[in-house]
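# A structural walkthrough
Below are the chains, spelled out letter by letter.
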Amino acid sequence: MKKYNAQPLDLMQFINTKYHDPFIHEWIEFEAALDTEKLIKAIEQFAGAFPLLKCHYDPTTNTFIENEQFSGRDLVKVDDTIDRSVLLTEALDASKKLVQFTISQNALIITISHLICDGSGFKQLIYLCLLYTSDAADE
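### Some words on the pattern of salt bridges
- Applying the stated criterion across every chain, the model contains three salt bridges.
- Here Glu-37 makes a salt bridge to Arg-73, at a shortest N to O gap of 2.7 Å. Placement of Glu-37 in helix H2 (residues 36-49) and of Arg-73 in the loop between strand E4 (63-66) and strand E5 (76-78) is noted, with a sequence separation of 36 residues between them.
- A relative accessible area of 38% means that Glu-37 is categorised as partly exposed.
- A relative accessible area of 46% means that Arg-73 is categorised as partly exposed.
- A salt bridge links Lys-77 to Glu-90; the shortest N-O distance between them is 3.1 Å. You can see Lys-77 sitting in strand E5 and its partner Glu-90 sitting in the loop between helix H3 (84-87) and strand E6 (99-104), a full 13 residues away along the chain.

Structure follows, in structure tokens:
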């Protein structure tokens, strides 16, 4: 089991969840339906380069602990019936996962913990999500 040390600010963010939900949300609308399997493969490739996506947070040790059985499926939820605006306020259980990719019709709603990145870092992650549109995700 791999562990990654968190920063003191991460612990502070976790403690403050009692007062606010430290999550960043992004809603991306596509012209056509998403290919769920291709997205799962892209997430798995992406998590290989950015392993915190495979982790949950343990506040008792202030560490990120990697899920040894990780699959991109762990981070993808498909729900065409959900009120998508609710997803923009969704909180995640950091003891289970720190990011969620929700597919709803032709939209992708990404929820990520502020423990992983700030707004600027999240923007960079979004750009890296272009792996979904690359040929590498087809392999």
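Text resumes after the structure shown.
### So, the confidence of the model for the protein
- On average, residues of the protein score 84 in pLDDT, and 88% of them reach the 70 mark or higher.
- For the protein, per-element mean pLDDT is lowest for helix H1 (residues 8-15), which scores 75, and highest for E4, which scores 94.

### Remarks on the sheet that holds E4
- Spatially, three strands are ordered E1-E4-E3 in an open sheet, and the strand pairing comes out antiparallel. Lying at the two open borders of the sheet, with one neighbouring strand each, are strand E1 (3-5) and strand E3 (55-58). Neighbouring strand axes in the sheet, compared pairwise and without regard to direction, differ in orientation by 30° on average.

### Side note on the pairing of E3
- Of the pairings in the sheet, the one linking E3 to E4 comprises four bridges and is antiparallel in character. Residue Cys-55 lies in a different strand from E4, and its bridge partner there is Glu-66.
- Between E3 and E4, which follow one another and run antiparallel, lie four residues, and Asn-62 among them has a positive phi close to 50°.

### What to know about the environment of Glu-44
- For Glu-44, the location among the structural elements is in helix H2.
- Along the primary structure Glu-44 and Ser-71 are separated by 27 residues, whereas in three dimensions their C-alpha atoms are 6.5 Å apart.
- Ignoring sequence-local partners within four residues, the contact set of Glu-44 consists of Phe-70, Ser-71 and Gly-72.

Criteria and cut-off values
- Residues numbered from 1 in each chain as written.
- Predicted model: local features only at pLDDT ≥ 70, side-chain atom pairs only at ≥ 80, totals over all residues.
- Heavy atoms only, no water.
- Salt bridge = Lys/Arg side-chain N within 4 Å of Asp/Glu carboxyl O.
- Helix = DSSP H or I, 4+ residues; strand = E, 2+ residues; numbered from the N terminus.
- Buried < 20%, exposed > 50% of the residue type's maximum accessible area, 1.4 Å probe, protein only.
- pLDDT = per-residue confidence, 0-100.
- Pairing = 2+ DSSP bridges.
- Axes fitted to C-alpha atoms, helices over the stretch in contact; angles between N-to-C directions.
- Contact = heavy atoms within 4.5 Å.

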